[in-house]
Amino acid sequence: MPVTLMNVFSVPIAQEEEFVKWWADIKDHITKQPGFISGTFHNSIKPNSKFNYINVAIWENEEVYWKAYEKSVTPMKAKLGELGVEMTPALYRVAFEY
């Protein structure tokens, strides 16, 4: 059953440009992982939002997501730490549609 990753980021304003460029570079790696279905990357239209960037990605199932996560988490956390970015990921399933 597909799962949706919603990963919210608090990016310091001074680091936004570098963060977006870095994300554009790593998305190619993410999208090539087994089980990846699709993704979207959002930025807040409200200035000074606590969570000014959100990554939403659909994965085939929780197991393939965690395998991809294990491959990329260490270098990803290192770069986010360097940029002063806080990341809060969570997996979700659709409860209902309307």
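Up top is the structure these notes are about.
Predicted model, so just to flag it, every value in this text is computed and none were measured.

About the cut-offs
Residues numbered from 1 in each chain as written. Predicted model: local features only at pLDDT ≥ 70, side-chain atom pairs only at ≥ 80, totals over all residues. Heavy atoms only, no water. Salt bridge = Lys/Arg side-chain N within 4 Å of Asp/Glu carboxyl O. Buried < 20%, exposed > 50% of the residue type's maximum accessible area, 1.4 Å probe, protein only. Helix = DSSP H or I, 4+ residues; strand = E, 2+ residues; numbered from the N terminus. Pairing = 2+ DSSP bridges. Axes fitted to C-alpha atoms, helices over the stretch in contact; angles between N-to-C directions. Contact = heavy atoms within 4.5 Å.

### Some thoughts on the pattern of salt bridges
Piece 1. All told, the structure shown has five salt bridges when counted by the stated rule.
Piece 2. For Lys27, the salt bridge identified is with Asp28, shortest N-O distance 3.3 Å.
Piece 3. For Asp28, a relative accessible area of 40% corresponds to the partly exposed category.
Piece 4. Residue Lys67 is joined to Glu63 by a salt bridge in which the shortest nitrogen-to-oxygen separation is 3.3 Å. One end of the pair, Lys67, and the other, Glu63, are both in helix α2 (residues 62-83), four residues apart, so they sit about a helical turn from each other.
Piece 5. Because the salt bridges share partners, they merge into one network encompassing Glu18, Lys79 and Glu82.

### Brief notes about the pairing of strand β1 (residues 3-10)
Successive side chains on a regular strand alternate, one facing one side of the sheet and the next facing the other.
Piece 1. β1 sits mainly inside the fold: seven of its eight residues count as buried.
Piece 2. Both β1 and strand β3 (residues 53-59) contribute to a ladder of seven bridges, which runs antiparallel. Counterpart to Asn7 in the pairing with β3 is Asn55.
Piece 3. As judged from the seven bridges shared by β1 and strand β4 (residues 86-92), these two strands associate in the antiparallel manner. From the neighbouring strand, Asn7 faces β4, where its bridge partner is Pro89.

### Details of the sheet that holds β4
The strands making up a sheet associate through backbone hydrogen bonding, with each pair oriented either parallel or antiparallel.
Piece 1. Read across the open sheet, the four strands follow the order β2-β3-β1-β4; overall the sheet is antiparallel. In this open sheet, the two strands that pair with only one neighbour each are β2 (36-43) and β4. For this sheet, the mean angle separating the axes of adjacent strands, direction not counted, is 15°.
Piece 2. Sheet contacts for α2: β1, β3 and β4; angle to β4, the most-contacted strand, approximately 175°.

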